[in-house]
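# Structural overview
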Amino acid sequence: MPELPEVEVVRSGLDRYLPGRRIAQVFVLHPRAIRKHLAGPIDFQNRLVGREIAAVRRRGKYLWFEFEDDQILIGHLGMSGQFLLVPKDTEDEKHLRLRFVFSDWSTELRFVDQRTFGGMSLDEIGDEQDTKIPASLAHIALDPFHPDFQAAAVARRLRARKTEIKRLLLDQSLVSGIGNIYADESLWRAKIHPRRLASTLTIRQLMHLLEQARVVMSEALAAGGTSFDDLYVNVNGESGYFERGLAAYGRRGEPCPRCGRAIQREAFMNRSSHFCASCQRAPRTG
DNA sequence: AGGGCAACCTGGGGGC
DNA sequence: TGCCCCCAGGTTGCCC
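Residues numbered from 1 in each chain as written. Chains lettered and ligands numbered in written order. Predicted model: local features only at pLDDT ≥ 70, side-chain atom pairs only at ≥ 80, totals over all residues. Heavy atoms only, no water.

Here we take up the domain arrangement of chain A. Many analyses report the size of an interface as the accessible area lost when the parts associate. Domain boundaries in chain A define domain 1 (4-137) and domain 2 (151-276). Taking only C-alpha atoms, the centre of domain 1 and the centre of domain 2 are 28 Å apart. Across the boundary between the two partners, domain 1 contributes 19 residues, which contact 20 residues of domain 2. Interface of domain 1 and domain 2: buried area, both sides summed, is about 1,500 Å²; carbon and sulfur atoms make up 65% of it. For the pair domain 1 and domain 2, the number of links is zero salt bridges. (Domains from an automatic or database assignment. Contact = heavy atoms within 4.5 Å. Buried area = accessible area lost by both parts, 1.4 Å probe. Salt bridge = Lys/Arg side-chain N within 4 Å of Asp/Glu carboxyl O.)

With that settled, consider the packing of aromatic side chains. Tallied over the full model, the rule gives five aromatic pairs. Here the aromatic rings of Phe-102 and Trp-105 are separated by 5.6 Å at their centres, their planes lie at 65 degrees, and the arrangement is edge-to-face. As far as the burial class goes, Phe-102 and Trp-105 line up, both buried. With centroids separated by 6.5 Å and ring planes inclined at 35 degrees, the aromatic side chains of Tyr-182 and Phe-242 adopt a geometry described as tilted. Here Tyr-182, found in helix 5 (residues 180-190), pairs with Phe-242, found in the loop between helix 6 (203-222) and strand 9 (263-268); they are 60 residues apart in sequence, far enough to count as distant. Side by side, Tyr-182 and Phe-242 carry an identical accessibility label, which is buried. One residue, Arg-21, lies across the ring of Trp-105, its end atom 3.9 Å from the ring centre. Taking the ring centre of Phe-67 as reference, the NZ or CZ of Arg-51 above it sits at 5.7 Å. (Phe/Tyr/Trp six-rings, centres within 6.5 Å; stacked < 30°, edge-to-face > 60°. Buried < 20%, exposed > 50% of the residue type's maximum accessible area, 1.4 Å probe, protein only. Helix = DSSP H or I, 4+ residues; strand = E, 2+ residues; numbered from the N terminus. Lys NZ or Arg CZ within 6 Å of the ring centre and 35° of its normal.)

What follows concerns the pairing of strand 9. Sheet topology places strand 9 next to strand 10 (residues 271-276); six bridges connect them, and they run antiparallel. Among the inter-strand pairings, Gln-264 is bridged to a residue of strand 10, identified as Phe-275. Between the antiparallel neighbours strand 9 and strand 10 lie two residues, among them Met-269 with a positive phi of about 50 degrees. (Pairing = 2+ DSSP bridges.)

Right, dumping it as structure tokens:
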């Protein structure tokens, strides 16, 4: 569920409350929530207790907690993950996976995740130039919100690939942060069919597409993200309201806001693509 | 090397 | 009620 705008809403909520807080206790309630931390739950707990959070950062759909040394705690929401800041005496959520208790604070941090595709792991800062990014996230490309994001360079990389443009938008090693919702919305805005081969587009068209991705995601961020149900909420449990801003995603059969023809849904990579067959012309086949 | 697909999970909704 | 199938904001690993 959560793509860049939703993860950024969560990150900013965490970063508003957590810097300066010291972890007093860590509870691992489901082992899958830390499956990428290979050293296991005891090591996970031992290495966190006593640490003070310095900042909460993000690249693409990953966020991470920085401490005062090179240790980093990475989090990914997967399809259904939530970070919630709640009073300690709040009843446990059904899918509560991790609990963080802080020194001298009546609020605790909870990681709740119905489908368990998300999780947390401990890592160290990598050596990538001056940017403090966890070593295990080195393969994650810059996202369109990053000040160093270079649309022209990314466009050249996209054009060099011999596959459909939507696959590439979803490839987090080329451009990060875009998922199924914002891929469909960006393609709709740029009037490009999702199955169009990237190599048939011009650099100018690809740069325009990347710009549409940045714009639609910043509009979504301003609206608090897209929430179809209560699986996506901010750290206070509130939904975002960008669903009303979506033109194509999840709108099969509804009129295209631009031309009025019905939005199509098509199976794609075990999921789906939504587009306007009139505004986004299908590539020739065969 | 790069492309394509199944697997990892839980739960909601629709059809019968 | 119940069962079965399909669907869902993502990533990974394995095959070719």
